[in-house]
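# Coordinate inspection notes
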Amino acid sequence: MDSRQKNVTKIVAITIVSMLIAIATEFYMFNQYGYSLGSAAVWGRVALIIFLAVILILLAAWDARFSNYATILIMLYYLIIDLGGVLQIHHRTSFSGIIMQMVALAGVLVCVYGIGLGMRQRTLHNRAVYEQTHQTITKSKTKKDSKK
């Protein structure tokens, strides 16, 4: 398996993990502020988080040119959600508050790693484009030299 495929596999795994952590953080935060977990506001946010994860996974699997930017932006969005979970917990000394802060902090670390993977994805894409261009130039020079 080449490095681009390994990176895509890592991006898919990190996206799923960060999505689940962001959903858990959102549920806890909505519950903390007194929203009913069955309300449209809660499920609209959760649907957005899932939709973004699906889009990111499809772009990464398709190896689209701009998928690295999408990876970075979506991981930043999840990072903001998780950072909100770390900073806005009311009952920080309760057992559930401590657990939620630990989960949200793990989410922050996962998202930072995901941002790094997005940057690596861009580097690998640029390297592949360079190698393809370099091979094309080398082949055209070889053809010119053989015709002389």
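Residues numbered from 1 in each chain as written. Predicted model: local features only at pLDDT ≥ 70, side-chain atom pairs only at ≥ 80, totals over all residues. Heavy atoms only, no water.

What follows concerns the side chain of Thr25. For Thr25, the location among the structural elements is in helix α1 (residues 3-32). Residue class for Thr25 comes out buried when judged on its relative accessible area of 1%. Here Thr25 is in contact with Ile81, Asp82, Gly85, Met100 and Ala104, once residues within four sequence places are set aside. (Helix = DSSP H or I, 4+ residues; strand = E, 2+ residues; numbered from the N terminus. Buried < 20%, exposed > 50% of the residue type's maximum accessible area, 1.4 Å probe, protein only. Contact = heavy atoms within 4.5 Å.)

This next bit is on a nonpolar patch on the surface. A cluster of nonpolar side chains, namely Phe95, Ile98, Ile99 and Met102, defines an oily patch on the protein surface of about 420 Å² accessible area. On the secondary structure map, Phe95 appears in helix α4 (residues 95-147). (Patch = residues over 30% accessible without salt bridge, like charges linked within 9 Å, V, L, I, M, F, W, Y side chains within 5 Å. Areas by Shrake-Rupley, 256 points an atom, 1.4 Å probe, with all protein chains shown as cover. Salt bridge = Lys/Arg side-chain N within 4 Å of Asp/Glu carboxyl O.)

Taken together, the side chains of Lys6, Lys10, Arg120 and Arg127 present a region of like positive charge at the surface. Counting only elements with at least two residues in the positive patch, the list comes to α1 and α4. Summarising the element assignment, Lys6 is placed in helix α1. (Lys, Arg positive; Asp, Glu negative; His and termini not counted. Charge placed at Lys NZ, Arg CZ, Asp CG, Glu CD.)

Ranked by size, the top nonpolar core spans 29 residues in total, and within it Met19, Ile49, Met75 and Tyr78 carry the most contacts. At the level of secondary structure, the elements contributing two or more residues to this core comprise α1, α2 (40-62), α3 (67-87) and α4. Of all the elements, α2 adds the most residues to this core, at eight residues. The contact partners of Met19, leaving out residues within four places of it in the chain, are Ile49, Ile50, Ala53 and Tyr78. (Core = buried A, V, L, I, M, F, W, Y, C linked by side-chain atoms within 4.5 Å.)

Attention now moves to empty space enclosed by the protein. Considering all chains together, one arrives at one cavity of 30 Å³ or more under this definition. Reported here for the largest cavity is a volume of approximately 70 Å³. In terms of lining residues, the largest cavity is bounded by Arg4, Asn7, Val8, Asp63, Ala64, Arg65, Ser67, Asn68, Gln121, Leu124 and His125. Of all the secondary-structure elements, those providing two or more residues to the lining of the largest cavity are α1, α3 and α4. Of the residues contributing to the lining of the largest cavity, the split by class is three nonpolar, five polar and three charged. (1 Å grid on protein atoms, 1.4 Å probe; cavity = no way out; pocket = protein on both sides within 12 Å on 5 of 7 lines; lining within 4 Å. Points joined across faces, edges and corners; volume = space filled by probe spheres on them. Nonpolar A, V, L, I, M, F, W, Y, C, P; charged D, E, K, R; others polar.)

Below, the discussion takes up the packing of α1 against α3. Contact geometry of α1 with α3 gives a least axis separation of 9 Å together with a crossing angle of 35 degrees. Between α1 and α3 lies a crossing of left-handed hand. In this structure, α1 contributes Ile11, Ile14, Thr15, Ser18, Met19, Ile21, Ala22, Thr25, Glu26 and Met29 to the contact, and α3 contributes Thr71, Met75, Tyr78, Ile81, Asp82, Gly84 and Gly85. Looking at the contact of α1 with α3 residue by residue, the classes come out as nine nonpolar, six polar and two charged. (Axes fitted to C-alpha atoms, helices over the stretch in contact; angles between N-to-C directions. Left-handed = near helix turned anticlockwise from the far one by under 90°.)

In this description, an aromatic ring pair is defined by two values, namely the gap between the centres and the angle between the planes. Applying the stated criterion across every chain, the model contains three aromatic pairs. Taken together, a centroid distance of 5.5 Å and an interplanar angle of 70 degrees make the contact between Phe27 and Trp43 edge-to-face. Of the two residues, Phe27 is situated in helix α1 and Trp43 in helix α2; the sequence distance between them amounts to 16 residues. Residue classification places Trp43 among the partly exposed residues on the basis of a relative accessible area of 45%. For the ring pair Tyr77 and Tyr78, a centre distance of 6.2 Å and an interplane angle of 45 degrees mean the geometry is tilted. (Phe/Tyr/Trp six-rings, centres within 6.5 Å; stacked < 30°, edge-to-face > 60°.)

Quick look at the packing of α2 against α3 now. Describing two packed helices takes the angle between their axes plus the distance from one axis to the other. It is at 9 Å that the axes of α2 and α3 come closest, and there the two elements cross at 155 degrees. Taken as axis vectors, α2 and α3 run roughly antiparallel relative to one another. Helix-helix and strand crossings are classified by hand; for α2 and α3 the assignment is left-handed. Contacts between α2 and α3 involve Arg45, Leu48, Ile49, Leu52, Ala53, Leu56, Leu59 and Ala60 on the former and, on the latter, Ser67, Ala70, Thr71, Ile74, Met75, Tyr77, Tyr78 and Ile81. For the contact of α2 with α3, a count of residues per class yields 13 nonpolar, two polar and one charged. (Parallel < 35°, antiparallel > 145°, perpendicular 65-115°, else oblique.)

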